[in-house]
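Secondary and tertiary structure notes
Each chain, written out:
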Amino acid sequence: MAKRSFLISGVDKRLLIKDSIKTMPDVIRRRFIAGGASLGALTLLTGCDVVDSSSAEALLAKVSKFNDAVQDFIFNPDALAPTFPESAITKPFPFNAYYDLDDAPDVDGDDWKLEVRGLVDNKKSWTLPELYKLPQFTQVTRHICVEGWSAIGSWTGTPLRDFLKLIGADMRAKYVWFQCADKDGYNSPLDMRTALHPQTQMTFKYANEILPRAYGFPMKIRVPTKLGFKNPKYVVSMEVTNDYKGGYWEDQGYNSFSGS
Ligand SMILES: Nc1nc2c(c(=O)[nH]1)N[C@H]1C(S)=C(S)[C@@H](COP(=O)(O)O)O[C@H]1N2
Ligand SMILES: [Mo]
């Protein structure tokens with residue numbers, strides 16, 4: 001993530017955020033600032049992708065007209081993220097991590113098992129063929145990175161809440177904490193309400209093909225109501241827990257809530 005910079009031509013990122021804050025209704029402003037006041041959060045709120053100064057203006061116009069629908073999306077964690085037709089898919093879909101693609105984990109699908117830990121009745125590990133047998137659904141949604149870019153993609157997999165039910169997870173626990181295969185470690189906690197959101201998915205395919213290495217083979221967690229860094233790729237384990245265990249970007253100051 002740090003290696004890529006997304007400079008927007010003719011737009012001063014900090015000024016744009018400052019201007020947006022000025023025009024926000026009070027309640028949204030407080031929430032936006034508490035959430036880290038990032039360009040990514042603005043993109044999430046407005047659905048506008050800022051690529052140049054005219055889209056920055058369109059975004060500002062939207063912010064000043066924030067309506068009930070937007071408020072619902074921010075204040076109601078159960079609100080649905082927008083879905084799109086296949087024709088809206090961004091090609092090629094970007095790869096992003098805190099390293100280059102060459103250094104991405106190269107997981108052997110035959111050896112890999114998803115480990116299940118913590119407050120669950122059944123702690124059995126799951127092989128890929130076992131997971132592939134679960135019912136799968138396809139969603140075309142927008143992925144929004146805190147760095148200020150977004151892209152629309154097609155992800156297929158099993159709703160995480162169905163899996164949590166299947167393994168007898170304690171749904172009253174506070175978090176599901178994911179650990180990934182990245183060599184220096186990557187992890188991220190997801191609040192239980194978002195883990196149970198109907199669009200939160202254990203993803204096995206991108207664009208109807210087995211998830212490529214770039215996008216997190218063999219499994220990522222797709223969370224369209226949260227910013228990109230809350231979508232862990234190369235997942236190796238999930239733990240249902242009441243403890244806040246921190247996360248790769250969360251520990252560096254990004255707000256753990258980061259989303260609706
Ligand atoms: N394991 C792991 N998951 C990760 C990351 C990472 O570095 N490692 N980066 C996050 C960030 S910041 C983004 S924007 C998305 C990028 O996903 P993509 O490569 O499929 O676009 O993955 C997220 N999940
Ligand atoms: Mo990101």
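Each value, and the rule that gives it
- Residues numbered from 1 in each chain as written.
- Chains lettered and ligands numbered in written order.
- Predicted model: local features only at pLDDT ≥ 70, side-chain atom pairs only at ≥ 80, totals over all residues.
- Heavy atoms only, no water.
- Salt bridge = Lys/Arg side-chain N within 4 Å of Asp/Glu carboxyl O.
- Buried < 20%, exposed > 50% of the residue type's maximum accessible area, 1.4 Å probe, protein only.
- Helix = DSSP H or I, 4+ residues; strand = E, 2+ residues; numbered from the N terminus.
- Arc of directions from axis to C-beta.
- Contact = heavy atoms within 4.5 Å.
- Polar contact = N/O pair within 3.5 Å; in protein donor to acceptor, adjacent residues only side chain to side chain.
- Phe/Tyr/Trp six-rings, centres within 6.5 Å; stacked < 30°, edge-to-face > 60°.
- Near = heavy atom within 4 Å.
- Pairing = 2+ DSSP bridges.

Re the pattern of salt bridges
Counted according to the given criterion, the structure contains eight salt bridges. Across the pair E239 and K245 runs a salt bridge, and its minimum N-O distance is 3.0 Å.

So, helix α1 (residues 13-23)
Within α1, burial applies to L16, I17, S20 and I21. Taken around the axis of α1, the buried residues stretch over an arc of 135°, which confines them to a single face. Across α1 from its buried face, at more than 90 degrees, point the exposed residues R14, K18 and K22. Its buried side turned inward, α1 meets α2 (26-34), α3 (39-46) and α4 (53-64). Near the N-terminus of α1, the side chain that reaches the backbone nitrogen of R14, with its oxygen 3.0 Å away, is that of D12.

Focus on the packing of aromatic side chains
Each aromatic ring pair is characterised by the separation of its centres together with the angle its planes make. Within the structure shown, the criterion is met by 13 aromatic pairs. Ring centres of F93 and W155 lie 5.3 Å apart, and the angle between their planes is 90°; on these two criteria the pair is classed as edge-to-face. With F93 in the loop between α5 (68-75) and β1 (113-118) and W155 in strand β4 (residues 150-159), the pair connects residues that are 62 residues apart, well separated along the chain. Residue class for F93 comes out buried when judged on its relative accessible area of 10%.

Considerations on unusual backbone geometry
Each neighbour pair has its own omega, and for K91 with P92 the value is -5°, a cis peptide bond. Mapped onto the elements, P92 comes out in the loop between α5 and β1. Cis geometry marks the peptide bond from F217 to P218, where omega comes out at 5°. Topologically, P218 is positioned in the loop between β8 (209-210) and β9 (220-222). Unlike most non-glycine residues, A207 shows phi in positive territory, near 50°. The residue A207 is located in the loop between β7 (201-206) and β8 in this model.

Regarding the site of ligand 1
Near ligand 1 you find 23 residues, and of these P94, N96, D182, N231 and K233 are the closest. Contact between ligand 1 and P94: an oxygen atom at 2.7 Å from a main-chain N or O atom of the residue. Residue K233 places a side-chain N or O atom 2.5 Å away from an oxygen atom belonging to ligand 1.

A look at the environment of D251
With respect to the helices, strands and loops of the structure, D251 is situated in the segment after β10 (235-241). What makes D251 exposed here is its relative accessible area of 57%. Along the chain, D251 and S188 lie 63 residues apart, while their C-alpha atoms are 9.5 Å from each other.

So, the pairing of β7
Counted residue by residue, β7 has five buried out of six residues, so it is predominantly covered. In this structure, β4 lies alongside β7, joined through five bridges in antiparallel fashion. Across the sheet, residue G157 finds its bridge partner in β7, namely T203. As paired elements, β7 and β9 share three bridges and run antiparallel to each other. Paired with Q201 across the strands is R222, a residue of β9. Bridging between β7 and β8 involves two bridges; their strand directions are antiparallel. When the sheet's bridge partners are listed, Y206 is paired in β8 with E209.

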